[in-house]
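One-letter residues, chain by chain:
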Amino acid sequence: MFILLSGFCVPLGHRTLKRGAQVFAAGALVTVVTLVFMPEDRVVFGVLTFLGSAMLLTGVLEPLLKKIPPAAAGGFGGAVCTDLSSGRALARLRRAAPCVAGCMVRELLYSVFRLSAFDFYSTDYFALLPWLFLFWAGYFLHGVVGRARMEPLRRSVCPALGWMGRHSLLLYLLHQPVIYGVLSAAAVLFA
């Protein structure tokens, strides 16, 4: 639902490329922090990296995406997701990209596109495929719902919730360290 709603919200805002770059950078920060301080719990291509990548791709491809009827996009996305989840796409890529000179390129393709090698590990991992199609399903769902039906949601019902929505990336980045700190302090105090 998180990915679907993220795609749904893209048309609500402006500057998709800028927001995508910010979210991608936050994902890269999470990767660096976990690699340095928690290598056993590293996050490689986690949800923030995925969402930033999906926003960047959507921003670049938006002129083309706006020309696709939402129903056609849903059918195509379903067919691609079925092919990916069955493993047929992975088998084709492994046959097409044997490990000769392109081992690192193949590893990158595997990790980014849900085609990870057997020794790949991440505690939070969302590959572009098939999740990009769920993100775009949300994007197209917004077109089906229509801007007029969304108008009541534009009014602020609760200022605190509005503030949280405008600062959701910061809150998302802070929630785990804060919870970890509180639980660590409680463990020391009550041990």
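Residues numbered from 1 in each chain as written. Predicted model: local features only at pLDDT ≥ 70, side-chain atom pairs only at ≥ 80, totals over all residues. Heavy atoms only, no water.

### Some details on the overall build of the chain
Helices and strands together make up the secondary structure of the chain, namely 10 helices and 0 strands. From first element to last, N terminus to C terminus, the chain shows the α and β order α-α-α-α-α-α-α-α-α-α. Restricting the contact set of the chain to residue pairs at least 6 apart, pairs at least 24 apart contribute 68%. (Helix = DSSP H or I, 4+ residues; strand = E, 2+ residues; numbered from the N terminus. Contact = heavy atoms within 4.5 Å.)

### Overview of the packing of aromatic side chains
Between two aromatic rings, the relevant description is the distance of the centres plus the angle of the planes. This structure, assessed with the given rule, holds 5 aromatic pairs. Ring centres 6.4 Å apart and planes at 20 degrees place the aromatic pair F2 and Y172 in the stacked group. Of this pair, F2 sits in helix α1 (residues 2-9) while Y172 sits in helix α10 (residues 168-189); the two residues are 170 residues apart in sequence, bridging distant segments of the chain. Judged by relative accessible area, F2 falls into the partly exposed class, the value being 47%. Ring centres 6.0 Å apart and planes at 85 degrees place the aromatic pair F133 and W136 in the edge-to-face group. On the criterion of helical spacing, the pair formed by F133 and W136 is a turn pair, its members being 3 residues apart in helix α7 (residues 128-145). For the pair F133 and W136, one class covers both residues: buried. (Phe/Tyr/Trp six-rings, centres within 6.5 Å; stacked < 30°, edge-to-face > 60°. Buried < 20%, exposed > 50% of the residue type's maximum accessible area, 1.4 Å probe, protein only.)

### Brief notes about α10
Helix length check: α10, at 22 residues, gives a terminal C-alpha distance of 31 Å against a target of 32 Å (1.5 Å per residue), a fit within 8%. Taking the largest bend as the criterion, α10 deviates by roughly 35 degrees, centred on L174, and proline P177 comes between one and four positions later. (Expected span 1.5 Å × (residues − 1). Bend = angle between axes of the 7 residues up to and from the residue.)

### What to know about the environment of H14
Its location among the elements puts H14 in the loop between α1 and α2 (16-37). Given a relative accessible area of 60%, H14 falls into the exposed group. As a C-alpha pair, H14 and G59 span 45 residues in sequence and 9.8 Å in three-dimensional space.

### Structural notes on unusual backbone geometry
Residue P130 follows L129 across a cis peptide bond; omega there is 10 degrees. One non-glycine residue, R15, lies in positive phi territory at about 60 degrees. Positioned with a positive phi, F45 is a non-glycine residue whose angle comes to about 50 degrees.

### What about the side chain of T31?
Among the structural elements, T31 can be located in helix α2. The residues touching T31, leaving out its near neighbours within four places in the chain, are V43, V44, F45 and T49.

### Describing a nonpolar patch on the surface
There is a patch of nonpolar side chains on the surface, built from L29, V32, V33, L35, V36, F37 and M38 and spanning about 660 Å² of accessible area. In this fold, V36 is placed in helix α2. (Patch = residues over 30% accessible without salt bridge, like charges linked within 9 Å, V, L, I, M, F, W, Y side chains within 5 Å. Areas by Shrake-Rupley, 256 points an atom, 1.4 Å probe, with all protein chains shown as cover. Salt bridge = Lys/Arg side-chain N within 4 Å of Asp/Glu carboxyl O.)

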